[in-house]
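# Understanding the architecture of this molecule
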Amino acid sequence: MSTYTNIQLKKTFLPFRQAQYDFDLEKLKALGDDLFSNDAAIKFCVPFDDMVGHREMLDTVYAPLLEAVPDLERRDTIVMVGEDDKQLRWLGCCGYYTGRLAKPWLDIPATGDQIHMRFHEFYRFDGEKIVEVQAIWDLPEVMMQAKCWPFSPSLGTEWHVPGPSTQDGIHLLEEDKSLTAQSQQLVLDMLNSLGNFAEGGVEAMNLDKYWHAKSNWYGPSGIGTGRGIQGFRNTHQEAFLNGMPNRVGDPANGHLFSENNYVGFTGWPGMSMTISGDGWLGIVPNDKPITMRSLDFWRNENGMIRENWVLVDLLHVYRQLGVDVFARVKQLTRNKYR
């Protein structure tokens, strides 16, 4: 059990974050030698997948991005620390990478303009060492900006998703344990209430008991943002429930943790289901079982959920269905950018 406080863990990770603000790859490798365990399990979204150790992560994931975006810059909007019900300690980061896409990256053509790409990155600590990383980058967001969109149209609003409206996501605030417990219980009760759908439909979920009337649900590119409960239903929930009525969570892989008014969740994968109905992402029902990776942040305000940032590894979903998204990107751009 670590004796490090939340603030101490944030300060331990801070130099690694700062080295990604004015991006310095060699400095990151040196800092990582002390920060990461040698055999840290690195779990990234498609197409990067699993790696071992921070140096493989930096060489495989970050170096090509830095080559394509030479002025690469990391901007965090949420940095939180908490312990899950398995007594595992997590540091969760929400934010975006930005810079000018000067060269092609992952077959996404260069735009010559500034781009933004959301990230959710969760780091599991054992003592003061990082032993596991789970990360989803919103690669479809970059595809959209490069005008090589390979999916069906989003149901929600596509925009540059903001950070917390309260601007307190990265402050080094002492933990209020009662507020932490209240926030975690609110999200747990809301998630449990979602399970009432099978017995009584959407009304039985009692979403208005948990979600603020002016809540924002910030989904990944391809799904988009929904405003308020009705916006959440129109943007995501209705199509998701219709398309995968047999979805089930995986408690063994789920990690829920809280700090003050923020709650984080990571599941790798966190859910399994079969696409047996129509409507979700325009995918034709195929009765094919899949799993889903989702990394989430909630911000609670006066006992209600006010903001929810959600990233889903949609490229992983499509890969399980036999769709090569990057091949589609190539097809979309092979004539346009010759």
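You'll find the structure just up there.
Criteria and thresholds
Residues numbered from 1 in each chain as written. Predicted model: local features only at pLDDT ≥ 70, side-chain atom pairs only at ≥ 80, totals over all residues. Heavy atoms only, no water. Core = buried A, V, L, I, M, F, W, Y, C linked by side-chain atoms within 4.5 Å. Buried < 20%, exposed > 50% of the residue type's maximum accessible area, 1.4 Å probe, protein only. Helix = DSSP H or I, 4+ residues; strand = E, 2+ residues; numbered from the N terminus. Pairing = 2+ DSSP bridges. Axes fitted to C-alpha atoms, helices over the stretch in contact; angles between N-to-C directions. Contact = heavy atoms within 4.5 Å. Expected span 1.5 Å × (residues − 1). Bend = angle between axes of the 7 residues up to and from the residue. Phe/Tyr/Trp six-rings, centres within 6.5 Å; stacked < 30°, edge-to-face > 60°.

## Some remarks on the nonpolar core
One finds Phe44, Tyr62, Trp105, Trp137 and Trp280 to be the most contacted residues of the largest nonpolar core, which totals 100 residues. No other element matches helix α3 (residues 54-68), which puts 7 residues into this core.

## A closer look at the sheet that holds strand β3 (residues 73-83)
Taken together, 6 strands build an open sheet; the order of strands is β2-β1-β6-β5-β4-β3 and the sheet is mixed. Unpaired on one side and paired on the other, β2 (50-52) and β3 mark the two borders of the sheet. Across the sheet, the axes of successive neighbouring strands diverge by a mean angle of 15°, strand direction being ignored. Across 12 bridges, strand β4 (residues 89-100) lies against strand β5 (residues 114-126) in antiparallel orientation. The partner of tryptophan 90 across the bridge, within β5, is arginine 124. Across the face of the sheet, helix α1 (residues 6-18) comes into contact with β1 (36-44), β3, β4, β5 and β6 (129-137) while running at roughly 155° to β3. Where α3 meets the sheet, it contacts β1, β2, β3, β4, β5 and β6, and its direction lies at approximately 55° from that of β1.

## Notes on helix α7 (residues 228-243)
Helix length check: α7 (16 residues) gives 22 Å between terminal C-alpha atoms against 22 Å at 1.5 Å per residue, within 8%. Largest kink in α7: about 50°, centred on asparagine 234. Counting buried residues in α7 gives 12 out of 16 residues, a clear majority hidden from the surface. Listed as buried for α7 are Gly228, Ile229, Gly231, Phe232, Arg233, Thr235, His236, Gln237, Ala239, Phe240, Leu241 and Gly243.

## Here we look at the side chain of serine 37
Mapping serine 37 onto the fold places it in strand β1. Ignoring sequence-local partners within four residues, the contact set of serine 37 consists of Lys129, Ile130 and Val131.

## Section: the packing of aromatic side chains
The geometry of an aromatic ring pair is captured by the separation of the ring centres together with the interplanar angle, meaning the angle of the planes. Within the structure shown, the criterion is met by 21 aromatic pairs. Taking the centre distance of 5.3 Å and the plane angle of 35° together, the rings of tyrosine 218 and tryptophan 309 count as tilted. Here the residue tyrosine 218 occupies a position in strand β7 (residues 211-218), and tryptophan 309 occupies one in strand β13 (residues 304-312), the gap between them amounting to 91 residues. With respect to burial, tyrosine 218 and tryptophan 309 carry one shared label: buried. Within the aromatic cluster, the residues linked to one another by ring pairs are Phe23, Phe44, Phe48, Tyr62, Tyr97, Trp105, Phe119 and Trp137.

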